[in-house]
Amino acid sequence: QVKNLPVGKWDTAKVVDMGQVFYGNPQLTSLPIENWNTSSATDFSQLFAEDSGLQTLSLGAWNTTKVTNFESVFQNTSLDKLDLTGWNTNSAQTYTNAFSSKLPPKRLLLGPSFNFFKSESWHLPNPSSEAPYIGKWRSLNNKKVYTSADLMTKYDGKTIVGEFEWATGNTITVKYVDAAGKSLAPDTKISGATGDAYHIKPIEIEGYVPDKPDGVQGNFTDKDETITLMYSPGGLMFASAPQAINFGQNPITGKSESYGASYDTGLVIQDGRSIGSTWSLNATLSASGFTSKQSARPLAAVLSYKDQQTGGESILTPGVARLIVNNHQTVSNQGVNILGQKTALGALSLQVPTDRALTNTYQATVTWTLNQGVPNR
């Protein structure tokens, strides 16, 4: 394999089309071309594309004033440093995917005449977001932090100019432990600049449920930190249950009306047992049904649960436990929303013959009962 090419002394002064000159040579690790005369060149398309072995390209002295085509010039490279300080791109007409790669160069030097035309078509990817990097650029000139979109749309060669490197930040190490402090999973790390917001969500650990299912939110400080997420042995439980279900204030129309419910919180079942376990859920309407809050006068109303996936409907007869979720198989230790304002398995509705109702406030109690099955073998 050819790792180096003796092309440093080539006379390129009259070369107009440099498209694909080094295209598709991943074995190359360096090119001594920093002194090439490119004053006649108009086409740089795919010049270094797919040269993933190159580590540094020192092209700051190149004359690019006549180049109109920069398409895919650095596509799928993996550079540590790319020097373009002397590049003038004002003649560019085509520049799609010029920087398109999994990751951009770790150091990028841009001069006062580099023009992105406020376009993201250059497809400069964001730096790594793997700790200690934060997915952004830090300018060595003004110490400010930029995204790649910022550079492509705001770079002006004056207030934003010079050398940029992958920005590093302070690191939060996340630990996953049980009540005794025993580690349940490998630590993870996230990084961010001081003041950046973070939301650390618990990972799934089979046989355990997180004590804080919504995770931890905050802002990065100017120091490295450790956040510990506690887990308890898994079981079948209500992660949340509504204390108030409201069918609204509705007029008496003299005919049968159907009302949907709103909930103060969702009815969420969390199964921390092994994947493949099953559970069922019963709902029981109080034996007295709906009664007047003031006088205990009954209301001839029908409460039902409708499965929003199958369309099946279960009528809750007062005093009778009714199966509304049957043999639900656990595929994740995350909570399952049975009822709620957001997407849920089902919904409650209330059918009221208003021709037989008096103006009043009516209430009833619903009891939820979980029944656990065993994993399928």
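Higher on the page you've got the structure.
This is a predicted model, so every value here is computed, not measured.

(A) Inspection of the packing of aromatic side chains at higher detail. This model, assessed by the stated rule, comprises 28 aromatic pairs. Centroid distance Phe99 to Phe114: 6.4 Å. Interplanar angle 45°. Geometry classified as tilted. Taken together, the residues Phe99 in the loop between β2 (81-84) and β3 (107-110) and Phe114 in the loop between β3 and β4 (133-139) connect sequence positions 15 residues apart. Both residues of the pair, Phe99 and Phe114, belong to the buried class. An angle of 50° between the planes, with centres 6.4 Å apart, marks the rings of Phe99 and Phe116 as tilted. Within this pair, whereas Phe99 is found in the loop between β2 and β3, its partner Phe116 is found in the loop between β3 and β4, the two being separated by 17 residues in sequence. One exposure class covers both Phe99 and Phe116, and it is buried.

(B) Spatial organisation of the sheet that holds strand β18 (residues 278-285). Here three strands make up an open sheet; going across it, the order is β22-β18-β26 and the pairing antiparallel. Pairing within the sheet leaves two strands with one partner each, and these edge strands are β22 (321-329) and β26 (366-372). Across the sheet, the mean angle from the axis of one strand to that of its neighbour is 20°, orientation sign disregarded. Pairing of β18 with β26 involves seven bridges; the strand directions are antiparallel.

(C) Main features of the pairing of β2. Taken together, the three bridges between strand β1 (residues 56-58) and β2 define a ladder with parallel strand orientation. The partner of Ser58 across the bridge, within β2, is Asp83.

(D) Fine view of the nonpolar core. Counting residues in each nonpolar core, the largest one holds 42 residues, and the members touching the most others are Phe44, Phe48, Leu59, Phe74, Leu84 and Phe99. Beyond its immediate sequence surroundings of up to four residues, Leu59 is in contact with Ile33, Phe48, Phe74, Leu82, Asp83, Leu84 and Trp87. With 30 residues, the next largest nonpolar core counts Leu299, Ile324, Val325 and Val352 among its residues.

(E) Summary view of the sheet that holds β2. Read from one edge of the open sheet, six strands run β1-β2-β3-β6-β4-β5, paired in mixed fashion. Looking at the sheet topology across the chains shown, the edges are occupied by β1 and β5 (145-146). Where β2 meets β3, four bridges bridge the pair, whose relative direction is parallel. For Leu84, the partnering residue across the bridge sits in β3 and is Leu110.

(F) Up close: the side chain of Thr171. Along the chain, Thr171 falls in strand β7 (residues 170-177). Each residue touching Thr171, except ones within four places of it in the same chain, is listed here: Ala131, Pro132, Lys189, Ile190, Ser191, Asp224 and Glu225.

(G) Fine view of the layout of surface pockets. Quantified by volume, the largest pocket comes out at close to 850 Å³. Forming the boundary of the largest pocket are 31 residues, of which Phe247, Gly248, Leu350, Tyr362 and Gln363 lie nearest the centre. Within the residue set of the lining of the largest pocket, elements represented by two or more residues are β14 (245-246), β24 (346-353), β25 (362-363) and β26. If you tally residues by element for the lining of the largest pocket, the top one is β24, at three residues. Looking at the second largest pocket, its volume works out to about 420 Å³.

Definitions and limits used
- Residues numbered from 1 in each chain as written.
- Predicted model: local features only at pLDDT ≥ 70, side-chain atom pairs only at ≥ 80, totals over all residues.
- Heavy atoms only, no water.
- Phe/Tyr/Trp six-rings, centres within 6.5 Å; stacked < 30°, edge-to-face > 60°.
- Helix = DSSP H or I, 4+ residues; strand = E, 2+ residues; numbered from the N terminus.
- Buried < 20%, exposed > 50% of the residue type's maximum accessible area, 1.4 Å probe, protein only.
- Pairing = 2+ DSSP bridges.
- Axes fitted to C-alpha atoms, helices over the stretch in contact; angles between N-to-C directions.
- Core = buried A, V, L, I, M, F, W, Y, C linked by side-chain atoms within 4.5 Å.
- Contact = heavy atoms within 4.5 Å.
- 1 Å grid on protein atoms, 1.4 Å probe; cavity = no way out; pocket = protein on both sides within 12 Å on 5 of 7 lines; lining within 4 Å.
- Points joined across faces, edges and corners; volume = space filled by probe spheres on them.

These figures come from the coordinates and say nothing about function on their own.
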